[in-house]
Amino acid sequence: MDYRYEEIAKMLDHSLLQPFLKTETLEAGISLALAYDVASVCILPYYVRRCADRLAGSTVQTSTTIGFPHGGHTTAIKAAEAQQAIDDGCQELDMVVNISKVLSGDWDYVTRDIKAVIDVAHAAGQKVKVIFENCYLDEDQKSRLCAICSELGADWVKTSTGYGTGGATLEDLQLMREKSAAEVQVKAAGGVRDLDRLLEVRDLGVTRVGASATQTILDECRRRLKLEPIDFDELKNTSSY
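Predicted model only: the values in this text are computed from it and were never measured.

The next thing to look at is the pattern of salt bridges. For the coordinates displayed, the defined rule picks out 25 salt bridges. A salt bridge links K78 to D113; its shortest N-O distance comes to 2.6 Å. You can see K78 sitting in helix 4 (residues 75–87) and its partner D113 sitting in helix 6 (residues 107–123), a full 35 residues away along the chain. No difference in accessibility class separates K78 from D113, as the two residues are buried. Ionic contacts of the salt-bridge type, sharing partners, join the residues D13, E92, D94, K129, K158, K187 and R208 into one network.

Here you go:
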């Protein structure tokens, strides 16, 4: 094996973004992220403060979404969302570009919109992942976004929200890695549901993956590496949220 458990776990943003998730599900998801020691919990914005409190002292980051999932919020609202998330303890912000403006070719607007969130986050020492929603874009638009994000110093470029008509494709990931500056990382979101797929995108240079199948992926990783399984059900039964 050319990987360690820690390397794979720290590629995963455990996604808790579906609007129907109840409080107890969010709490269980945070517990799972802690048990498996993933990179971050990407959680519904209203729950960021509670999530950050629970993750304090761990190596798991708190992340949330900005302008999600359609990207059509005004720039001022996106910046305000970013500031609120940071005030609540968020360390990584996953923002959606204004897809309508990308498709309309209004690149000045798109640049200002992304910059507003990056400026807020970086001023606070936090990081930004810029979501393209590639299923609606052509190759030139994706390439232009990579160039803009590189110029602005985005920390990651990200394929999708998981709520569009398609998720991360190998072709898009190759393009984003090729067209982005070396210091800009690439995140795959949508469709990475097992370890083999994660390893496949890792080979393309992807450093982070958004996933709701975290437990499935990491249980299989531990099995292949012949590590003791994590009995998360037992942990849930013996810990208090």
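Past the structure itself, the notes keep going.
In this section: unusual backbone geometry. Between F68 and P69 the backbone carries a cis peptide bond, its omega angle lying at 0°. The backbone of D37 sits at a positive phi, close to 55°, despite the residue not being glycine. Locating D37 in the fold gives a position in the loop between helix 2 (23–36) and strand 2 (40–43). Of note in the backbone geometry, E133 takes a positive phi value of approximately 60° without being a glycine. Position of E133 among the secondary structure elements: in the loop between strand 5 (127–131) and helix 7 (139–152).

Within the secondary structure layout, R208 lies in strand 8 (residues 208–211). There is a polar contact of 2.7 Å between the side chain of R208 and the side chain of D13. The residues contacting R208, other than those within four sequence positions of it, are K10, M11, L12, D13, A39, S40, E92, K129, W156, V186, K187 and A188.

A separate point is the UniProt feature "active site" (unreviewed entry) in the chain. Residues annotated in UniProt with the feature "active site" (unreviewed entry) correspond here to D94, K158 and K187. With the annotated positions falling across 94 residues, the maximum pairwise C-alpha distance of 10.2 Å places them together in a single cluster. Summarising the element assignment, D94 is placed in strand 4 (residues 92–96). Taking relative accessible area as the criterion, D94 reaches 0% and is therefore assigned buried.

Looking now at helix 7. With 14 residues, helix 7 should reach 20 Å at 1.5 Å per residue; the first-to-last C-alpha distance of 20 Å fits that figure. Three or more residues of helix 7 are buried, namely Q141, K142, S143, L145, C146, I148, C149 and S150. Elements in contact with the buried residues of helix 7: helix 5 (99–104), helix 6, strand 5, strand 6 (156–158) and helix 8 (170–179). The N-cap residue of helix 7 is D138: its side-chain oxygen and the backbone nitrogen of D140 are 3.1 Å apart. Trailing helix 7 by a residue or two, G153 shows a phi angle of about 80°, which is positive.

Definitions and cut-offs
Residues numbered from 1 in each chain as written. Predicted model: local features only at pLDDT ≥ 70, side-chain atom pairs only at ≥ 80, totals over all residues. Heavy atoms only, no water. Salt bridge = Lys/Arg side-chain N within 4 Å of Asp/Glu carboxyl O. Helix = DSSP H or I, 4+ residues; strand = E, 2+ residues; numbered from the N terminus. Buried < 20%, exposed > 50% of the residue type's maximum accessible area, 1.4 Å probe, protein only. Polar contact = N/O pair within 3.5 Å; in protein donor to acceptor, adjacent residues only side chain to side chain. Contact = heavy atoms within 4.5 Å. UniProt positions renumbered as here; feature names shortened; annotations may be inferred. Expected span 1.5 Å × (residues − 1).

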